[in-house]
Amino acid sequence: MKYLFLAGVASLMTASCDDIKAQLDQSKSETASKGAHAMADKNRLEADVRFLADDLLEGREAGTRGYDLAAKFVAERYRALGLEPGGGGGTYFQQVPMREYKSANLDGGTITFTGDGAPQGLEQVTDYFVGSSARFTDNSVEAPLVFVGFGFASEEHGRDDFEGLDVEGKIVVYLFGAPKFLNSEELAHFRSTSAQRASERGAIGAIVLYTPTLAALYPYEALVKNGQGSTSMSWLKEDGEPFSTA
């Protein structure tokens, strides 16, 4: 009886090992299959990004040939995934009115200071560079200047460079950059949204001071070169005004 019992146990163990081996083989197969799918997805994603980032698309600015190519590419990806079109006319596209705006230096643009001690004889491009705004369409603007430091404001950090200052209807003057106590991500965010904070407080224009510290990192000549040939687009809201945060 004891012998038969042990034999039965051995038989069960053999069967159990076979089951475990089969399960392991199946698991390995499923893992390999998932790995193959993951690699395929990774390769497809990389291929898509490489195409969309290629110089052939010329930056994909809205309203350009490169943008249309990118949009067509994405639409065909949707089609391949079996997604139903949700755009106009049974397509994947929705027509959106846009406004193009560009640096004033491409069409002219001057700046003049008045008052005691005001700088005189400044030369366009050499001494200053006139940027652009989707919302600013007037041919000229005249207003007092208000210096606002970095134009930094954050409840979290307990600092507001606009505190006690009236910038409504005025042109703010601020230093390019942000306080040094910010980490790199915060610095990039606050630096890029300086004009937005001024606009939210009623400012109608901004002058950014290009400091020697900044010039050592990013030469003024490079700023002018990059800015002179640039154009931007903004979509128009229902009232016909362009969307803009500054």
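Residues numbered from 1 in each chain as written. Predicted model: local features only at pLDDT ≥ 70, side-chain atom pairs only at ≥ 80, totals over all residues. Heavy atoms only, no water.

## What about the overall build of the chain?
Keep this limit in mind: Helix numbers and strand numbers start at the N terminus; a helix is a DSSP run of H or I with at least 4 residues, a strand a run of E with at least 2. Exposed residues in this analysis have more than 50% of their type's maximum accessible area, buried residues have under 20%, and partly exposed residues fall in between, with area computed by a 1.4 Å probe over protein chains only. Using a 1.4 Å probe, the Shrake-Rupley method yields the accessible areas, and only the shown protein chains count as cover for residues.
Looking only at helices and strands, the chain features six helices and seven strands. In the chain, the succession of α and β elements from N to C terminus is α-α-β-β-β-β-β-α-α-β-α-α-β. The buried share among the 246 residues of the chain stands at 20%. Carbon together with sulfur atoms contributes 55% to the accessible area of the chain, which is approximately 17600 Å² in total.

## A word on the sheet that holds strand E2 (residues 145-147)
Heads up, the rule is: Two strands pair under a simple rule: DSSP has to find at least two bridges between them. Simply put, an axis is a line fit to the C-alpha atoms, just over the touching stretch for a helix, and the angle between two N-to-C directions goes from 0 to 180 degrees.
One open sheet holds the three strands; their spatial order is E2-E5-E6, and the pairing between them is parallel. Of all the strands in the sheet, just E2 and strand E6 (205-209) have a single pairing partner and so form its edges. Neighbour-to-neighbour, the strand axes of the sheet open up by a mean angle of 25 degrees, direction not taken into account. Sheet analysis places E2 next to strand E5 (residues 171-175), joined by three bridges and oriented parallel. Residue pairing for E5: Val146 is matched across the bridge by Val172.

## Re helix H6 (residues 220-228)
Cut-off, in case you're wondering: Arc, as used here, means the arc of the directions from the helix axis to the C-beta atoms.
Residues Tyr220, Val224 and Gly227 constitute the buried set of H6. Angularly, the buried residues of H6 cover 75 degrees about the axis, an arc narrow enough to put them on a single face. Seen from the open side of H6, the exposed residues pointing more than 90 degrees away from its buried face are Glu221 and Lys225.

## Digging into the environment of Tyr128
Threshold: Between two residues, a contact is recorded if the distance between any of their heavy atoms is within 4.5 Å.
Looking at the secondary structure, you find Tyr128 in the loop between strand E1 (98-102) and E2. We classify Tyr128 as buried; its relative accessible area is 13%. Spatially, the C-alpha atom of Tyr128 lies 9.6 Å from that of Ile207, the residues being 79 residues apart in sequence. In contact with Tyr128, not counting residues within four places along its chain, are Gly109, Thr110, Ile111, Leu122, Glu123 and Tyr220.

## Thoughts on the side chain of Arg197
Positionally, Arg197 belongs in helix H4 (residues 194-200). Arg197 has contacts with Gly151, Phe152, Ala153, Phe162 and Phe190, leaving out every residue within four places of it along the chain.

## A short note on the layout of surface pockets
Formally: Using only the protein atoms, space was sampled on a 1 Å grid; points where a 1.4 Å probe fits but cannot get out form cavities, open sets with protein on both sides within 12 Å along at least five of seven lines form pockets, and lining residues are those with an atom within 4 Å of a point. Grid points are joined across faces, edges and corners, and a volume is the space filled by probe spheres set on the points. Three categories are distinguished: nonpolar for Ala, Val, Leu, Ile, Met, Phe, Trp, Tyr, Cys and Pro, charged for Asp, Glu, Lys and Arg, and polar for the others, with Gly belonging to the last.
Of the pockets and cavities examined, the second largest pocket occupies roughly 360 Å³. In this structure, the second largest pocket is lined by 14 residues; those nearest its centre are Tyr67, Asp68, Ala71, Phe93 and Gln94. In the lining of the second largest pocket, the residues fall into ten nonpolar, three polar and one charged.

## Some points on the pattern of salt bridges
Keep this limit in mind: In the sections that follow, a salt bridge refers to a side-chain nitrogen of Lys or Arg positioned within 4 Å of a carboxyl oxygen of Asp or Glu.
Scanning the model with the defined rule gives seven salt bridges in all. The shortest N-O distance in the salt bridge between Arg77 and Asp48 comes to 2.6 Å. Separated by 29 residues along the polypeptide, Arg77 in helix H2 (residues 65-81) and Asp48 in helix H1 (residues 2-52) bring together distant segments of the chain. Looking at Arg77, the relative accessible area reads 34%, which means it is partly exposed. A network of salt bridges, in which partner residues are shared, links Lys72, Glu76 and Arg79.

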